[in-house]
Amino acid sequence: SQQGEEDPQALSIQEGENATMNCSYKTSINNLQWYRQNSGRGLVHLILIRSNEREKHSGRLRVTLDTSKKSSSLLITASRAADTASYFCATVGNEKLTFGTGTRLTIIP
Amino acid sequence: GAGVSQSPSNKVTEKGKDVELRCDPISGHTALYWYRQSLGQGLEFLIYFQGNSAPDKSGLPSDRFSAERTGGSVSTLTIQRTQQEDSAVYLCASSKDRSQPQHFGDGTRLSIL
């Protein structure tokens with residue numbers, strides 16, 4: 001079964017707005033990672049947050065982690081057309097890195 | 001190299017044929033992964049190599065699938081007697097170790113006629 005589950009499955013927003021995606025997982029983790037995938041390409045690592053961290057920033061990205069709720073969120077501020085992609089969370093525990101099913105984000109110019 | 005390289009980028013073959021997919025990881029990365037991604041879906045883990053350890057094959061869907069990693073570098077994923085349900089994008093990734101971010105190739109799009 002999937003360790004990470006993202007929601008929503010799809011999200012469309014106007015350029016300039018903020019986009020929030022959520023990820024829930026089931027077992028304990030060492031860290032959680034977010035990736036982006038543009039159409040027809042491989043995944044690109046965005047940000048890694050460790051289990052003892054609660055929030056992390058990288059440019060326009062903000063990731064939060066709540067280990068008590070086994071959930072994480074990815075916020076993209078001031079969205080741009082180039083942010084259109086699928087976003088995946090991946091959890092690293094005692095076993096292999098496991099990816100969720102992804103959120104398809106569309107930024108409307 | 002600069003990144004993970006996969007070849008071929010596209011492969012079309014007839015049902016029942018064998019196919020080999022190649023992955024060149026980033027130099028120095030000890031961990032190498034193969035995933036399968038069906039259209040619009042997430043990633044399905046297939047197999048994981050870490051250094052000289054025995055690979056984790058727990059994700060291989062059937063005994064028609066096998067993979068090797070020679071000399072701790074290049075890896076080949078082989079699918080024997082291909083079936084139409086094998087049609088997907090096969091992605092390879094490498095990392096410094098299991099807990100570190102993975103670097104992905106652009107995948108091989110496999111189409112079985």
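Structure's up top.
Residues numbered from 1 in each chain as written. Chains lettered and ligands numbered in written order. Predicted model: local features only at pLDDT ≥ 70, side-chain atom pairs only at ≥ 80, totals over all residues. Heavy atoms only, no water.

Observations regarding the environment of A:Thr103
All names here are of chain A.
Here comes step 1: Looking at the secondary structure, you find Thr103 in strand S11 (residues 103-108).
Here comes step 2: C-alpha of Thr103 to C-alpha of Glu5: the two residues are 98 residues apart in sequence and 9.3 Å apart in space.
Here comes step 3: Ignoring sequence-local partners within four residues, the contact set of Thr103 consists of Glu6, Asp7, Pro8, Gln9, Leu11, Met21, Ala85, Ser86 and Tyr87.
Here comes step 4: A polar side-chain atom of Thr103 sits 2.6 Å from the main-chain carbonyl oxygen of Pro8. (Helix = DSSP H or I, 4+ residues; strand = E, 2+ residues; numbered from the N terminus. Contact = heavy atoms within 4.5 Å. Polar contact = N/O pair within 3.5 Å; in protein donor to acceptor, adjacent residues only side chain to side chain.)

Remarks on the nonpolar core
Here comes step 1: Of all hydrophobic cores here, the largest spans 22 residues; its most connected members are A:Met21, A:Leu32, A:Trp34, A:Leu74, A:Ile76, A:Tyr87 and A:Leu105.
Here comes step 2: Elements represented by at least two residues in this core include exactly strand S2 (10-14), strand S3 (19-24), strand S4 (31-37), strand S5 (43-50), strand S7 (61-66), strand S8 (71-76), strand S9 (85-92) and S11 of chain A.
Here comes step 3: Apart from the residues within four sequence positions on either side, A:Leu105 is in contact with A:Leu11, A:Ile13, A:Ala19, A:Met21, A:Ile76, A:Asp83, A:Thr84, A:Ala85 and A:Tyr87.
Here comes step 4: One finds B:Leu32, B:Leu60, B:Ile79 and B:Ile112 within the second-largest nonpolar core, a separate group that totals 20 residues. (Core = buried A, V, L, I, M, F, W, Y, C linked by side-chain atoms within 4.5 Å. Buried < 20%, exposed > 50% of the residue type's maximum accessible area, 1.4 Å probe, protein only.)

Section: the packing of aromatic side chains
Here comes step 1: Taken as a whole and judged by the stated rule, the model has eight aromatic pairs over all chains.
Here comes step 2: Relative to B:Tyr35, the ring of A:Phe99 has its centre 5.4 Å away and its plane inclined at 90°; by these criteria the two rings are edge-to-face. Of this pair, A:Phe99 sits in strand S10 (residues 98-99) while B:Tyr35 sits in strand S4 (residues 31-37), which puts the two residues in different chains. You'll find A:Phe99 and B:Tyr35 in the same group, each marked buried.
Here comes step 3: Ring centres of B:Tyr33 and B:Tyr35 lie 6.2 Å apart, and the angle between their planes is 20°; this geometry places the pair in the stacked category.
Here comes step 4: Among the aromatic side chains, those forming a connected cluster through ring pairs are A:Tyr35, A:Phe99, B:Tyr33, B:Tyr35, B:Phe45, B:Tyr48 and B:Phe104. (Phe/Tyr/Trp six-rings, centres within 6.5 Å; stacked < 30°, edge-to-face > 60°.)

Side note on the sheet that holds strand S6 (residues 65-69) of chain B
Residue and element names in this part refer to chain B.
Here comes step 1: Pairing within the open sheet is antiparallel, and its four strands lie in the order S1-S3-S7-S6. Taken across any chain shown, the strands that pair with only one partner, and hence form the sheet edges, are strand S1 (5-7) and S6. When strand polarity is set aside, the average angle formed by the axes of neighbouring strands in this sheet is 15°.
Here comes step 2: Here strand S3 (residues 19-24) pairs with strand S7 (residues 75-79) via five bridges, running antiparallel. (Pairing = 2+ DSSP bridges. Axes fitted to C-alpha atoms, helices over the stretch in contact; angles between N-to-C directions.)

Observations regarding the interface of chain A and chain B
Here comes step 1: Listed as interface residues are 19 residues of chain A and, on the opposing side, 18 residues of chain B.
Here comes step 2: Of the roughly 1400 Å² buried at the junction of chain A and chain B (both faces included), carbon and sulfur atoms supply 54%.
Here comes step 3: Across the contact surface, chain A and chain B share one salt bridge.
Here comes step 4: Its salt-bridge partner being B:Asp106, residue A:Arg41 comes within 3.0 Å of it at the nearest N-O pair.
Here comes step 5: Remark: the boundary between chain A and chain B carries six residue pairs in polar contact (both at pLDDT 80 or more). (Buried area = accessible area lost by both parts, 1.4 Å probe. Salt bridge = Lys/Arg side-chain N within 4 Å of Asp/Glu carboxyl O.)

What to know about the pairing of S5(A)
All names here are of chain A.
Here comes step 1: Of the pairings in the sheet, the one linking S4 to S5 comprises seven bridges and is antiparallel in character. Residue pairing in the sheet places Arg36 in a bridge with Val44 of S5.
Here comes step 2: Linkage of S4 to S5, two consecutive antiparallel strands, is achieved through a turn of five residues, within which Gly40 is found at a positive phi near 75°.

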